[in-house]
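One letter stands for each residue in the lines below.
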Amino acid sequence: MKRVILSVAVVAAMGLTSCKDEAKKEVETTVTEVSSEVSKEIALAEMSFGVRGNCGMCKTTIEKAANSVEGVAEANWDVDKKKVEVSFDETKTDVMSIHKAIAASGYDTEKVAGDLEAYKNLPGCCKYDHEMEMNQQVK
Ligand SMILES: [Cu+2]
């Protein structure tokens, strides 16, 4: 009797790459601020609130979650201040919906605790401290 045993090498490289691209996004944000003043026909509400997180990967996830809400025009999370600034069309959404969308992606906001299942699936470096202070003052 012959038995063929296939050994499959599992490549566990996933997850290791995730935290490298932090620095990239920081630079771009300054440029876009100026042009947004021009097209303010539709009055956008601007708000900011605390969101916990660690790094550039967190920034990507948080902003993507906020932007997935219909009516959100812009979202910018500050890694040092642990705070997100959002502008959105008030006729389409409200700030609570943005809190909920961010929380669903695994991140704690001032008002809504982050989804624990989503938190578990975050890359190791993104597993922020749930006691972390939000809205930090940074000089
Ligand atoms: Cu992170």
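Conventions used here
Residues numbered from 1 in each chain as written. Predicted model: local features only at pLDDT ≥ 70, side-chain atom pairs only at ≥ 80, totals over all residues. Pairing = 2+ DSSP bridges. Helix = DSSP H or I, 4+ residues; strand = E, 2+ residues; numbered from the N terminus. Axes fitted to C-alpha atoms, helices over the stretch in contact; angles between N-to-C directions. Contact = placed C-beta atoms within 7 Å. Core = buried A, V, L, I, M, F, W, Y, C linked by C-beta atoms within 7 Å. Buried ≥ 20, exposed ≤ 12 C-beta atoms within 10 Å, placed from the backbone. Parallel < 35°, antiparallel > 145°, perpendicular 65-115°, else oblique. Left-handed = near helix turned anticlockwise from the far one by under 90°. Nonpolar A, V, L, I, M, F, W, Y, C, P; charged D, E, K, R; others polar.

Caption draft 1: The arrangement of the sheet that holds strand β3 (residues 83-89) in detail. In spatial order, the strands read β1-β3-β2; together these 3 strands make up an open sheet with antiparallel pairing. Each edge of the sheet is formed by a strand with only one pairing partner; in this case those strands are β1 (44-50) and β2 (72-78). The mean angle between the axes of side-by-side strands here comes to 15°, regardless of whether they run parallel or antiparallel. On top of the sheet, helix α2 (residues 56-67) reaches β2 and β3; it is set at about 160° to β2, its chief contact.

Caption draft 2: Structural context of the nonpolar core. Counting 20 residues, the largest nonpolar core has Ile62, Ala66, Val72, Val84, Val86, Ile98 and Ile102 as its most contacted members. Of all the elements in the fold, those that place two or more residues in this core are α2, β2, β3 and α3 (95-104). When neighbours within four sequence positions are excluded, Val72 is seen to be in contact with Ala66, Asn67, Val86, Phe88, Thr93 and Ile98.

Caption draft 3: The arrangement of the environment of Val69 in detail. Turning to its location among the elements, Val69 is positioned in the loop between α2 and β2. Discounting chain neighbours no more than four positions away, the residues touching Val69 are Thr93, Ser97, Ile98 and Ala101.

Caption draft 4: Representation of the packing of α2 against α3. Interhelical geometry of α2 versus α3 gives an angle of 135° and a closest axis separation of 8 Å. Taken as axis vectors, α2 and α3 run oblique relative to one another. The two elements α2 and α3 cross, and the hand of that crossing is right-handed. Contacts from Ile62, Ala65 and Ala66 in α2 reach Ile98, Ala101, Ile102 and Ala104 in α3. Class assignment for the residues of the contact of α2 with α3 results in 7 nonpolar, no polar and no charged.

Keep in mind these numbers describe shape, not what the thing actually does.
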